[in-house]
Amino acid sequence: MTEPSGDDGYLLDNRRTEAGERFDALAELFDASTFRHFDALGLRPGHHVWEVGAGGASVPRGLAARVGPRGRVLATDLDTGWLAGAGLPAQVETDRHDVGRDEAPAGRFDFVHARLVLVHVTDRARALRTMAEALRPGGVLLIEDADPALQPLLCLDEYGPEQERANRLRRGFRALLAERGADLCYGRKLPRLLRESGLEGVEADAYFPVASPAAAVLEAATVRQVRDRLVARGLADDEEIELHLASVAAGRLDLATSPMISAWGRRPARPHGA
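Report follows, based on the coordinates. (Residues numbered from 1 in each chain as written. Predicted model: local features only at pLDDT ≥ 70, side-chain atom pairs only at ≥ 80, totals over all residues. Heavy atoms only, no water.)

### Examining the environment of Val73
The test is simple: Working definition: helices are DSSP H or I runs of at least four residues, strands are E runs of at least two. Numbering for both runs from the N terminus. Here the term buried applies to any residue with accessible area under 20% of the maximum for its type, exposed to any over 50%, and partly exposed to those in between, with areas from a 1.4 Å probe on protein chains only. Between two residues, a contact is recorded if the distance between any of their heavy atoms is within 4.5 Å.
You can see Val73 is positioned in strand S2 (residues 72-77). With relative accessibility at 0%, the residue Val73 sits in the buried group. Sequence separation between Val73 and Ala90 is 17 residues; the distance between their C-alpha atoms is 9.3 Å. Leave out the neighbours within four places in its chain, and Val73 touches Val49, Leu63, Ala64, Val67, Gln91, Val92 and Glu93.

Below, the structure is given as structure tokens:
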């Protein structure tokens, strides 16, 4: 997952210490689903893969295990700091890249993947086009992204004041995301957008964790990271935030995540009409 730092339209800053906690929690929540898709879509030894917006090291490691020493994994991000010193296998290369602005890396790829990236990118259409055009004929594009508007609640079972407070703070967080240009309905659009990009055999599914210790870690790190903005915007006060963090730490909340939509398609082996 990649999020540019500073105030250039992105809410979460990868330079903050909370980013590492968030990467670890996202890996625990979503890696099993992501890796299941890798295997089902035919990722195999010798493949060349572009991992877009890698964020942490867990997905590049999973890709490297599947392509083997004869394969290649290019892991790009606006900030590769969390990949440096991660002890990645030799077949993993890292590079700084802005998928919403930069041209695709040189060469063609058998497999291109991005997870929880495009929902935050300002020029999503350009980014998706760049990834689709980076595929070799027959190559696979797998995009996995959130759809916060599809399921907006943090606590599905809103039975008491702690759960009500949690959902109120989640609404505040979603408001901040929307102000920064995030598309809270993006995940559901992926099948159509992949077809419009010229890909064939487009399919999609969704993964929706409802209660998990990793969701609590993710929530606490996220709230700590954005608390100043929540307060500044009048979306919460410090007392509410402290009470919520205490509820999360005590394990009294069953926390859900936004559904992650996974959509995939294949670049035609030959141009249409050929």
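### Concerning the nonpolar core
Our working definition: Here, the term nonpolar core denotes a set of buried Ala, Val, Leu, Ile, Met, Phe, Trp, Tyr and Cys residues that are joined through side-chain atoms within 4.5 Å.
Formed by 30 residues in total, the largest nonpolar core has its most connected members in Ile241 and Leu255. For this core, the secondary structure elements donating two or more residues are helix H1 (18-40), helix H4 (161-179), helix H6 (213-232) and helix H7 (238-250). Apart from the residues lying within four places of it in its own chain, the contact partners of Leu255 are Leu154, Cys155, Val210, Ala211, Ser212, Ala215, Ala216, Glu219 and Val248. Val52, Leu118, Leu199 and Ala263 belong to the second largest nonpolar core, which has 26 residues in total.

### Side note on the packing of H1 against helix H2 (residues 58-67)
Our working rule: Every axis corresponds to a line fitted to the C-alpha atoms, with the helix fit spanning only the stretch in contact, and the corresponding angles, defined between N-to-C directions, vary from 0 to 180 degrees. Under this scheme an angle from 65 to 115 degrees is roughly perpendicular, one under 35 degrees roughly parallel, and one over 145 degrees roughly antiparallel; angles in between are oblique. A crossing counts as left-handed when the near helix is turned anticlockwise from the far one by less than a right angle, and as right-handed when that turn is clockwise. In this classification, the charged set is Asp, Glu, Lys and Arg, the nonpolar set is Ala, Val, Leu, Ile, Met, Phe, Trp, Tyr, Cys and Pro, and all remaining amino acids, among them Gly, are polar.
Look at H1 against H2: their axes get within 10 Å of each other, and the N-to-C directions meet at 25°. By the criterion of interaxial angle, the relationship of H1 to H2 is roughly parallel. The way H1 lies across H2 gives a crossing that is right-handed. Here Ala27, Asp31, Phe35, Phe38 and Asp39 of H1 come into contact with H2, specifically with Ser58, Val59, Gly62, Leu63 and Arg66. The class makeup of the residues in the contact of H1 with H2 is 5 nonpolar, 2 polar and 3 charged.

### Considering unusual backbone geometry
We note that Leu116 has phi near 55°; this positive angle belongs to a residue other than glycine. The residue Leu116 is located in the loop between strand S4 (109-115) and helix H3 (124-133) in this model.

### Observations regarding the sheet that holds strand S5 (residues 135-146)
Just so we agree on the cut-off: Any two strands between which DSSP finds at least two bridges are classified as paired.
Pairing within the open sheet is mixed, and its 7 strands lie in the order S3-S2-S1-S4-S5-S7-S6. Because the sheet does not close on itself, it has two edges, and the strands there are strand S3 (92-96) and strand S6 (200-207). Averaged over neighbouring strand pairs, the angle between their axes works out to 15° when direction is ignored. Here S5 pairs with strand S7 (residues 260-266) via 7 bridges, running antiparallel. The partner of Leu142 across the bridge, within S7, is Trp264. Running at roughly 145° to S5, H3 makes contact with strand S1 (48-52), S4 and S5 of the sheet.

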